[in-house]
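Fold and geometry: a report
Residue strings, one per chain:
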Amino acid sequence: MRDRVHRGRLAVLFAIVTSLMLTLLGRMWYLQITTGPEYARAATENRVRTVSLPPVRGRILDVHGRPLVTNRTRPQVSVDYMTLIHQPDRGRAVLARLAEALDRPYEEIANRARLCGQGVSRPCWPGSPYEPIIVADDVDARTALSIAERQDEFPGVGTALRPVRVYPLGTAAAHLLGYLQPASAAAGSGGGARLVGRDGLEAQYDEVLAGRPGVREIAVNSAGKVTGVLGEQDPEPGDDLVTSIDSRIQKITERALATTIAKARKRGEPADAGAAVVLEARTGRVTALASHPSYDPAVWGRDLSQQDFESLPLASNAVLGQWAPGSTWKIVSTAAAVRAGRKPGASYDCPGSYQVGGRSFRNFEGAALGRMNLHRALVVSCDTIFYRFADQMWRRDGGLDPVRRPKDPMQAMAREFGFGDRTGVDLPNEAAGRVPDRDWKKATWERTKEATCRRAKTGYPEESDRKRAAYLKALAAENCRSGGVWWAGDAANFSIGQGDVLVTPLQLARGYAALANGGKLFSPRIAKAVVGPDGTVLRKIKPPVVGKVAVSRKTLSYIRDALADVPREGTAAGAFAGFPFDRLAVAGKTGTAEAYGRQDTSWFASFAPAERPKYVVVVVVSQGGTGGSTAAPAAREIWEGIYRLPARSSARGGGGR
Amino acid sequence: MTIPRPFGIRPALARGRSRLARARTARRSVSASLDWWVTVPAAVLCGIGLLLVWSATRNEPDVSLLSRQVLSVFLGFVLMWLVSRRDPRVLRAYVPVLYLLTLAGLVAVLTPLGRTVNGSHAWIFLGSGLQFQPSEFAKVALILALAAVLGELREGERRPGRGAVLLALALAAAPIGLIMFQPDYGTILVFAVITGGMILVSGAPKRWLAGLAAAGALAVLLVWLLGLVQPYQIQRLMVLTDPDADPMGLGYNATQARIAIGSGGLLGKGLFRGDQTAGHFVPEQHTDFIFTVAGEELGFLGCAFIVLLMLFVLWRGLLIAARSATPYGTVLAGGVVCWLAFQTFVNVGMTIGLLPITGLPLPFVSYGGSATISTLTAIGLLGTVRRRTDLPGRPTGQSQP
């Protein structure tokens, strides 16, 4: 037995030892019993990874079921991020070997194997580190096989056949179809390497096409190595989208547009952009939609640098391009004039110029064409007759001191034809165009008044051309003083589609479709139906009627008859010389819109057959010269293509406007 | 309190038994010299340890880990038995030799013979997979040496004198200094705690203890102020206060350990059925983090069982210390108790997020030859102290064959 001192000290030790062990027990209780369920959840998260299995995206088909976009399986090489970073050198050696086997630069492979994040520029992997990171696309099968066989040399490297988007039409319909981009993490809903439509039909019908990704739950160990599959749900493939696009006509349309632009450039016109639209006149379906410049959608299958991406002409001029419509606008002016009481068959003088508000507004090239009815006015595209109509209407509305509710018959008619408003076509981006009127002018003036008035004082010292600087200064001074006023001249300009009017090619096409079909204004549709992977039609898509042009059938018929003579003997006669009108009566209207500081915008809006129109074809070439010389020949080529007519022997564009 | 009470017989002390007499009763003394109240719990802990090591290493390519540990446990029990058969005074005679051998071993670690494992240069490599950690054996040697100094009282003395305490401090300082070069701060702490605990148990005056505590605090302060603390050590402390601060970096061990233990719940997922263990989420799981396997697979009940078994061993050790016939035995047993208690607390504490991460094994349970053998030897030391107590079952001629 030890003495009292030792016993006391041992008692202290006893107390310490006991309390230490009880402390452990208490903490263990807290950890395992109190917060145990939380840690059990953490443990599951620790070892279970959810990998998203990409579904096969639906195809986009043309009206005959021919694919516009489809999928092809390509051998792809991917790396497993978790395996790589657990290599002693963080996978550098493996990637170097891989780069060598693929015959690609190491940098490229290594960059693609990075995870995207702040300060990491393309290329990088936008998805989850637990998904296979694709480092090489379209590897030839032999290389892929040899990599797959040497797993010991390539730990964490996988090869698989994966579907990629392919475009059987080549460059055709690139804008229409749109493209896919990785869903950004910010967009939520899984994000990762999932691709979503970013433009065109791919974006508009993304939900239809995308399908539902499958989910695979895998168990991993601490090294991220997969130890088993816990559950798997197969992906559901996306539905196919059947469109009203006719790939044959689409190709013809694009070729015609490209050809005419090339020819215009050869003639010395800038011809910097263009678009062409083929619409079914009676249904509002889009048969072809072309935009120039275009790009090859195959770029999406390749690795695209940020710079290349930004330099692609992604905007479709068919729906985003806006130009003054020029004389194609006269169908609106004519309809408005007739509704306002003008007799179409009466005789009107077409002088070389007409005085509006103290200023002389001239005919094209100042020609005086004598007396004529409205039929003739459309055929020869007389401007002065419409100037007078506009001037009279403007004065009836009170002129500079407008009545409380001006009728603005021309603007009202323009809106009935669907201008100044988005067509609502099934594409994600669309411009609205512009129908200028008193209110618009005033609002614009108020918005810009300050800058304009400053310019009226300071002038344009930075302008080297002194004449131009003086002109701009005078303009600024006038605008500062009375810019918000809707002058008679504005009304006159409006009547012939000049000045501040802006239309998109698709808007003009549906306006002409309304003229052709008796007044029905459609919201055009490209998609026709959604078809399931098994071929069943899941949904039919019909272009809705969104308006009615309140003009008598007689008037519309009168205008159509007039337009039927334009290619035969009017402004498009040169372009349609030798055209077999007996086989296809094409009716149309040329347009040559002036743009300050730029070459004229060349338009041709047409429909055929004239008696019972089936299609509407609209072509525009920015800075392309007169409508008759550039746009009309392209339209002719499209018509010939649609109806398989013999191509014109002598390709000679007329000078008509 | 459940310290097992001794049974009624109060036998005479068996002093001065001749070696011959002991040889005669050798067979009986196997059972008699071992104290079953510590041996059986220690054996159970070793058994649990083997199961847990098996579980932690069953997916490893190196299957020899389990058999090595079986061998270590076996050697440990042999050594335990051999030590417990010795009379305490005989052991005391070996002290100078053991102590010097220990110092030699700790020096050898610092020579090219030494080997670095997990950042600590604490191993001596003997070739073909054989290696040992002198600092583990040094713990036994230190306890023996300090007991010899602090427990050897002059006639009439009831507590060690100033000279004895200073000598004890000097004896502890030498190995501590050598281990600083490895460096292995966990082991240094164990040495410090053993020394402090033995001085406490020896009955040294309270002001001395207060002085020691003050000196210890000062040392910690100095180490901190002089910037001797490595950045990783500060970070280990930071991670302790906020384990989620860096879950994939420094906090990884701590976080994973806590997830493994916490997910065990009350009953655990069952032996060999721990997902976290199978997935090797906790690093060093068969050695310093063996307790996480227990936590996940055996749950709170299994963990509590381990801790209570250890507490039982410690209580029994304290009882042996209390009943020791000599101050030497008291101090010796006290040293063993301090060692096992501290190391258990630090090891389990770090796995459950109570203490920062240090590289100390869990006595009896963790994989590791040197640690297993030296802790079992320490149990043998308790056995030898018990020989000279009034506890029942001690070897006397009157014991039944």
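Here's a quick rundown of the structure. (Residues numbered from 1 in each chain as written. Chains lettered and ligands numbered in written order. Predicted model: local features only at pLDDT ≥ 70, side-chain atom pairs only at ≥ 80, totals over all residues.)

1. Considering the pairing of strand 3 (residues 67-79) of chain A
Residue and element names in this part refer to chain A. Pairing geometry for strand 2 (residues 60-61) and strand 3, over two bridges, is antiparallel. Opposite Leu 61, over in strand 3, you have Pro 67 as the bridge partner. In this antiparallel pair of consecutive strands, strand 2 and strand 3, the connection spans five residues, and Gly 65 shows a positive phi of 85°. In terms of strand pairing, strand 3 meets strand 4 (residues 133-136) through three bridges, oriented antiparallel. Considered in strand 4, the bridge of Ser 78 is made with Ile 134. (Pairing = 2+ DSSP bridges. Helix = DSSP H or I, 4+ residues; strand = E, 2+ residues; numbered from the N terminus.)

2. Comments concerning the interface of chain A and chain B
Each side of the interface is counted separately: chain A has 36 residues, and chain B has 44 residues. Elements that contribute at least two residues to the side of chain A that touches chain B include exactly helix 1 (4-34) and helix 2 (36-47) of chain A. When residues of the side of chain A that touches chain B are assigned to their parent elements, the largest contribution, 20 residues, is made by helix 1 of chain A. Taken together, the residues of the side of chain A that touches chain B sort by class into 20 nonpolar, nine polar and seven charged. (Contact = placed C-beta atoms within 7 Å. Nonpolar A, V, L, I, M, F, W, Y, C, P; charged D, E, K, R; others polar.)

3. Quick notes on the sheet that holds strand 12 (residues 286-292) of chain A
Hydrogen bonds between backbone atoms are what pair the strands of a sheet, whose relative direction is either parallel or antiparallel. All names here are of chain A. An order of 12-11-23-22-21 is seen for the five strands of this open sheet, with the pairing classed as antiparallel. Pairing within the sheet leaves two strands with one partner each, and these edge strands are strand 12 and strand 21 (587-595). Neighbouring strand axes in the sheet, compared pairwise and without regard to direction, differ in orientation by 5° on average. Relative to strand 23 (residues 615-622), strand 11 (residues 273-280) runs antiparallel, the two being bridged by eight bridges. Opposite Glu 280, over in strand 23, you have Tyr 615 as the bridge partner. With respect to the sheet, helix 10 (residues 247-266) is in contact with strand 11, strand 12 and strand 23, its orientation differing from that of strand 12 by roughly 30°. (Axes fitted to C-alpha atoms, helices over the stretch in contact; angles between N-to-C directions.)

4. Section: the pairing of strand 11 of chain A
Taking burial as the measure, the eight residues of strand 11 of chain A include eight buried ones, the bulk of the element. The antiparallel pairing of strand 11 of chain A with strand 12 of chain A creates a hairpin that spans five residues between the two strands, and A:Gly284 there sits at a positive phi of about 80°. (Buried ≥ 20, exposed ≤ 12 C-beta atoms within 10 Å, placed from the backbone.)

5. Description of unusual backbone geometry
Residue A:His292 is joined to A:Pro293 through a cis peptide bond whose omega torsion reads 0°. Position of A:Pro293 relative to the elements: it lies in the loop between strand 12 and helix 11 (306-311). For A:Ala271, which is not glycine, the phi dihedral falls at a positive 40°. Classification of A:Ala271 by C-beta neighbours within 10 Å gives buried; the count is 23. The residue B:Phe364 is not glycine, and still its phi comes out positive at about 70°. Tracing the chain through its elements places B:Phe364 in the loop between helix 14 (327-351) and helix 15 (369-386).

6. Comments concerning helix 1 of chain A
Compared with an ideal rise of 1.5 Å per residue, which puts 31 residues at 45 Å, helix 1 of chain A spans 43 Å between its outermost C-alpha atoms and is within 8% of the ideal. A:His6, A:Arg9, A:Leu10, A:Leu13, A:Phe14, A:Val17, A:Leu20, A:Met21, A:Leu24, A:Met28, A:Leu31 and A:Gln32 are the residues of helix 1 of chain A that are buried. At its buried positions, helix 1 of chain A is contacted by helix 2 of chain A together with helix 8 (185-201), helix 11 (251-262), helix 13 (290-323) and helix 14 of chain B. (Expected span 1.5 Å × (residues − 1).)

7. Some points on the environment of B:Val336
All names here are of chain B. The residue Val 336 is located in helix 14 in this model. Classification of Val 336 by C-beta neighbours within 10 Å gives buried; the count is 31. When neighbours within four sequence positions are excluded, Val 336 is seen to be in contact with Ile 143, Gly 317, Ala 378, Leu 381 and Leu 382.

8. Here we look at the nonpolar core
Core analysis: the largest hydrophobic core is formed by 132 residues, its most contacted members being A:Val616, A:Val618 and A:Val619. Top contributing element to this core by residue count: helix 20 (residues 505-517) of chain A, with eight residues. Residue assignment places this core across two domains, with domain 2 (50-242) and domain 3 (247-322 + 546-642) of chain A each supplying three or more. B:Ile143, B:Ala145, B:Ile179 and B:Tyr367 belong to the second-largest nonpolar core, a separate cluster that totals 119 residues. (Core = buried A, V, L, I, M, F, W, Y, C linked by C-beta atoms within 7 Å. Domains from an automatic or database assignment.)

All quantities given are derived from atomic positions and should not be read as evidence of function.
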